[in-house]
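# Residue-level structural notes
Each chain, written out:
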Amino acid sequence: MKTDIGITEKNRKAVSDSLSKLLADEFVLYTKTRNAHWNVQGQDFFDKHKFFEMLYEQSDSLMDRVAERIRQLGATSPATLKSFLSLTKLKETDGQKNDSLFFIEDLLNDHETIIKEMRDNITPYAEKYKDSGTSDFITGLMEEHEKIAWLLRAHFLQK
């Protein structure tokens, strides 16, 4: 059945294409967080192992919500590794470092990249594409990423 929610097909496609890129970033971030959970080493292993577990569980929820938003707009969510890797702007790490601060800094950079991209899209979703629902959705998602970034940033001494 055709999606008729008061947003033109052209605008729904533009928003869902943008959200597909976000979904790819969320999936890569989820995978990187799982990697940190599985491979962290050091004196703080147990604490960071549990910390990364909490983060990947949150990441899984965020990723699922983005995929569902794409479906609400009438589009199909990308769901293959190939599609995610072609859409993401995040970079995988080489796996040569397994200490917690390396993982934390890398994950923090990725969360901040996603936050900036979301912030840039809030107004266009509402104004250019007439999709206040996605604008509001992204605002809430961004706030969750900001909290995670704060939790990651707190591991570093402030100068």
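As a starting point, this report considers the structure included with it.

The end-to-end C-alpha distance of helix α2 (residues 45-72) is 40 Å, a good match for the 40 Å that 28 residues give at a rise of 1.5 Å each. Inspection of α2 places Lys-48, Phe-51, Phe-52, Leu-55, Tyr-56, Ser-59, Leu-62, Met-63, Val-66, Ala-67, Arg-69 and Ile-70 among the buried residues, and these make up the whole buried set. Immediately downstream of α2, the backbone of Gly-74 shows phi near 90 degrees, a positive value.

Our focus in this paragraph is the side chain of Arg-69. Checked against the element boundaries, Arg-69 lands in helix α2. According to the relative accessible area criterion, Arg-69 is buried, its value standing at 13%. Among the polar contacts made by the side chain of Arg-69, one reaches the side chain of Asp-131 at a distance of 3.2 Å. Contact partners of Arg-69, with chain neighbours within four places excluded, come to Leu-19, Asp-131, Gly-133, Thr-134 and Phe-137.

We now examine the nonpolar core. Judged by nonpolar contacts, the single largest core of 41 residues is most densely connected at Leu-19, Leu-22, Phe-52, Ile-138, Leu-141 and Leu-152. Listing elements by their share of this core, those giving two or more residues are α1 (9-39), α2, α4 (100-127) and α5 (132-153).

As a further point, take the side chain of Ser-100. Considering the arrangement of structural elements, one finds Ser-100 in helix α4. If sequence neighbours within four positions are ignored, Ser-100 has contacts with Val-40, Gln-41, Asp-44, Lys-48 and Phe-52.

Here the structure, examined in full by the defined rule, presents 10 salt bridges. With a closest N to O distance of 2.8 Å, Arg-153 and Glu-112 form a salt bridge. In this pair, Arg-153 is assigned in helix α5 and Glu-112 in helix α4, connecting sequence segments 41 residues apart. Judged by its relative accessible area of 31%, Arg-153 is partly exposed. Here the salt bridges share partners, and the residues they tie into one network are Lys-32, Asp-106 and Asp-110.

The rules behind each value
- All residue numbers refer to position in the chain's written sequence, counted from 1.
- It should be noted that, the model being predicted, local features are given only for residues of pLDDT at least 70 and side-chain atom pairs only at 80 or more, the latter also being counted only at that level, while totals for whole chains, interfaces and linings use all residues.
- Think of the side-chain values as coming from all heavy atoms in the structure, minus any hydrogens and water.
- Think of it this way: any DSSP run of H or I at least four residues long counts as a helix, any run of E at least two long counts as a strand, and we number them from the N terminus.
- By this rule the span expected of a helix is its residue count minus one, scaled by 1.5 Å.
- Only protein chains enter the accessibility calculation, which uses a 1.4 Å probe; a residue is then buried when its area is under 20% of its type maximum, exposed when over 50%, and partly exposed in between.
- Any N or O atom pair separated by 3.5 Å or less is treated as a polar contact, with the protein-specific requirement of one donor-capable and one acceptor-capable atom, and with residues adjacent in sequence counted only for side-chain atom pairs.
- Working rule for contacts: check all heavy atoms of both residues, and any pair within 4.5 Å makes them a contact.
- Residues belong to one nonpolar core when they are buried, are Ala, Val, Leu, Ile, Met, Phe, Trp, Tyr or Cys, and are joined through side-chain atoms within 4.5 Å.
- One side-chain nitrogen of Lys or Arg within 4 Å of one carboxyl oxygen of Asp or Glu is enough to make a salt bridge.

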